[in-house]
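The residues making up each chain are set out below.
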Amino acid sequence: FERPALLEHDAGKDLLIRYARALVAKPEPARGDAEQAVRELAGIVAKGGPWTSHAARAMADVMTAARKLNLKPHLTAKEWFDTAHGFFLEGQLAYLRSRETQEDGDAGKAKEHLDTALDRYRDAVTAFRLAIAQCRDARPADPLLRLKVEAQAWFESALSMQRADCPQEALLAYHEL
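Scoring rules and cut-offs
Residues numbered from 1 in each chain as written. Predicted model: local features only at pLDDT ≥ 70, side-chain atom pairs only at ≥ 80, totals over all residues. Heavy atoms only, no water. Helix = DSSP H or I, 4+ residues; strand = E, 2+ residues; numbered from the N terminus. Buried < 20%, exposed > 50% of the residue type's maximum accessible area, 1.4 Å probe, protein only. Contact = heavy atoms within 4.5 Å. Salt bridge = Lys/Arg side-chain N within 4 Å of Asp/Glu carboxyl O. Axes fitted to C-alpha atoms, helices over the stretch in contact; angles between N-to-C directions. Parallel < 35°, antiparallel > 145°, perpendicular 65-115°, else oblique. Left-handed = near helix turned anticlockwise from the far one by under 90°. Nonpolar A, V, L, I, M, F, W, Y, C, P; charged D, E, K, R; others polar.

**Re the side chain of E150**
- You can see E150 is positioned in helix α6 (residues 143-163).
- A relative accessible area of 6% places E150 in the buried class.
- In contact with E150, not counting residues within four places along its chain, are I132, C135, R136 and L145.

**Considerations on the pattern of salt bridges**
- Summed over all chains, the structure comprises 15 salt bridges.
- R122 serves as the salt-bridge partner of D119, at 3.4 Å between the closest nitrogen and oxygen. Of this pair, D119 and R122 both sit in helix α5 (residues 107-137), separated by three residues, roughly a single helical turn.
- A residue is classified by how much of its surface remains accessible, and R122, at 44% relative accessible area, is partly exposed.
- We note a salt bridge from E176 to R136, for which the minimum N-O separation is 3.7 Å. Of the two residues, E176 is situated in helix α7 (residues 167-176) and R136 in helix α5; the sequence distance between them amounts to 40 residues.
- According to the relative accessible area criterion, R136 is partly exposed, its value standing at 38%.

**Focus on the packing of helix α4 (residues 77-103) against α6**
- Packing of α4 against α6 leaves a shortest axis separation of 10 Å and a crossing angle of 25°. It follows that α4 is roughly parallel to α6 by the angle criterion. Note on packing geometry: the crossing formed by α4 with α6 is left-handed. Seen from α4, the contacting residues are A77, K78, F81, H85, F88, Q92 and Y95; seen from α6, they are L145, V149, Q152, A153, E156, L159, S160 and R163.
- Its residues placed into classes, the contact of α4 with α6 shows eight nonpolar, four polar and three charged.

Here you go:
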């Protein structure tokens, strides 16, 4: 089956992102739906470009919905990493919103955004740990995967821990590099 050319353009990528989110938003989605959604989004991430961050954040949304539905999708190390990166990006956006609303004088809204940021950073750390575990459990062992994904996962995990105000854990993660 050949993909339509539309999916290579901006409108097509937006359509794929909406489709992936819809897979887990439908009534009674299955684990396979979450896996399919993540794989569709991973295809966008793999191509790089301006849609990468949108797709990674959508992966985080898909996994948040999957967790609420108690679905436990089986993902590759790279898919876990990209999902974790999406959580990290969501945390960064919420953190920036927190700073902006703090400067505007709305302390209540700023705290709300900060709490969201901390939750997303914690979600990122969890997903980075799953990516690391997948790298280490790969059979046969794949040293290239460990060099590409595991090292970056430790680094971004440490950044997430720093932002979540867990300096000791961040130090340990940096040490793993």
